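Take a look at the letters that make up each chain.
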Amino acid sequence: MREFENPDHWNTAARHYEQTAHPFTAQYAQAALDMVALSPDARVLDVAAGTGALALAAARAGAQVLATDFSPGMVARITAQGLPNVEARVMDGQALTLPDGGFDAVFSIFGVIMFPDWRKGLSEMARVTRPGGYGVVATWRDSGAATFLLLSQVRRTLFPERESMSMPAAVAALSEPEAFAREMTAAGFTEPKIQPVTFDFELDVAALDEPDTLFGMSPDWTSLDDLEKQAVVAQVRRMAGDRVILPIPSTALIGVARR
C-alpha cells in the first residue's frame with residue numbers, strides 16, 4: 001500500500017492539511033462549483049472530501065451536502081465546522097454505500113485520483129448522480145502542485161540521477177484533456193468538458209525555517225538525508241531571491257460532465 005492510500009496517513013495529516021492545503025485547494029473547489037448551475041437546495045456529494053474545501057463551499061451556497069472520505073480524521077475536521085446542511089461520513093469512494101441517482105451533482109476535488117482503482121471511483125460517482133445531473137472531477141497536471149511540484153523541480157536540479165516521487169496513476173492517465181474526457185465517458189458520464197485552471201501556491205519563505213512542516217507530507221522530502229534536505233532548502237531560497245513569497249503556479253484540469 002502506498003502512503004497516500006492509507007487512511008492512517010491522512011488521519012495523522014488532517015489538521016496540518018486543513019491549515020496548509022485546504023486554503024489552496026479551496027480555490028479549485030470554488031472554480032469547480034462555478035462551472036455548474038446548481039439550485040440553492042441542490043443535493044451534492046463530495047467524494048474523498050478531505051477537510052471539505054468543496055463540501056463547505058457548496059453548503060455555504062445553500063446546497064444539502066454529504067461529504068465522504070475514507071479517513072476518519074478528515075471526516076472529523078468537516079464535522080467540526082458545524083454547518084447544519086453538511087453531513088460527513090467515513091466511506092470508501094470505490095464502493096459508495098449510497099443508492100443510485102441520489103445526487104444532483106457529485107464532485108471529487110483531487111480525491112478520486114488518489115484511489116487504487118480510480119476508474120471504479122469514477123463509475124461510482126456516475127452511478128450515484130441523477131440523470132441530467134453533474135459529475136465534476138479535478139486532477140493535477142504534471143508533477144502535482146504547490147510544494148510537491150516545487151520539490152520535484154528542485155530534485156531534478158540537485159539530484160538529476162534520482163527519480164522523483166511517482167504520482168498516482170490517475171494523474172498520468174488524466175493529464176491530457178482528450179484522455180480525461182474519454183475516461184469520464186467510459187465511467188458513464190456524457191458531454192464531458194475539460195478546462196485547465198491555474199492558481200499560484202504562495203509559499204511563505206519564512207516557512208523554510210521549519211522545512212519538515214512545509215515539505216513533510218512528500219516522500220520526495222522524507223527520502224532525503226539531512227545534508228540533502230539542507231541543499232533543497234538552500235536551492236529554494238536561491239529561487240526566492242529577495243521575495244518574501246515565492247509563487248508556484250499550479251495547474252489543474254477540471255472535468256465537468258452530465259449523467
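Residues numbered from 1 in each chain as written. Predicted model: local features only at pLDDT ≥ 70, side-chain atom pairs only at ≥ 80, totals over all residues. Heavy atoms only, no water.

Draft legend 1. View of the sheet that holds strand β7 (residues 245-258). Pairing within the open sheet is mixed, and its 7 strands lie in the order β3-β2-β1-β4-β5-β7-β6. The sheet is open, and its two borders are formed by β3 (86-90) and β6 (190-204), each paired with just one other strand. Neighbour to neighbour, the strand axes of the sheet diverge by 20 degrees on average, direction disregarded. Relative to β7, β6 runs antiparallel, the two being bridged by 13 bridges. In the strand pairing of β7, Gln195 is matched with Ile254. (Pairing = 2+ DSSP bridges. Helix = DSSP H or I, 4+ residues; strand = E, 2+ residues; numbered from the N terminus. Axes fitted to C-alpha atoms, helices over the stretch in contact; angles between N-to-C directions.)

Draft legend 2. Layout of the packing of aromatic side chains. Using the criterion set out here, one finds 8 aromatic pairs in the structure. Ring centres of Tyr28 and Phe110 lie 5.4 Å apart, and the angle between their planes is 80 degrees; this geometry places the pair in the edge-to-face category. Remark: Phe110 occurs in the loop between β4 (103-109) and α4 (118-127) and Tyr28 occurs in helix α1 (residues 7-34); sequence separation between them is 82 residues. Both rings, one in Tyr28 and one in Phe199, keep their centres 4.9 Å apart while their planes meet at 90 degrees; by these two values the pair is edge-to-face. (Phe/Tyr/Trp six-rings, centres within 6.5 Å; stacked < 30°, edge-to-face > 60°.)

Draft legend 3. How the structure looks around helix α7 (residues 177-187). Listing the buried residues of α7 in full gives Ala179, Phe180, Ala181, Glu183, Met184 and Ala187. Within two residues after α7, Gly188 carries a phi angle of roughly 120 degrees, on the positive side. (Buried < 20%, exposed > 50% of the residue type's maximum accessible area, 1.4 Å probe, protein only.)

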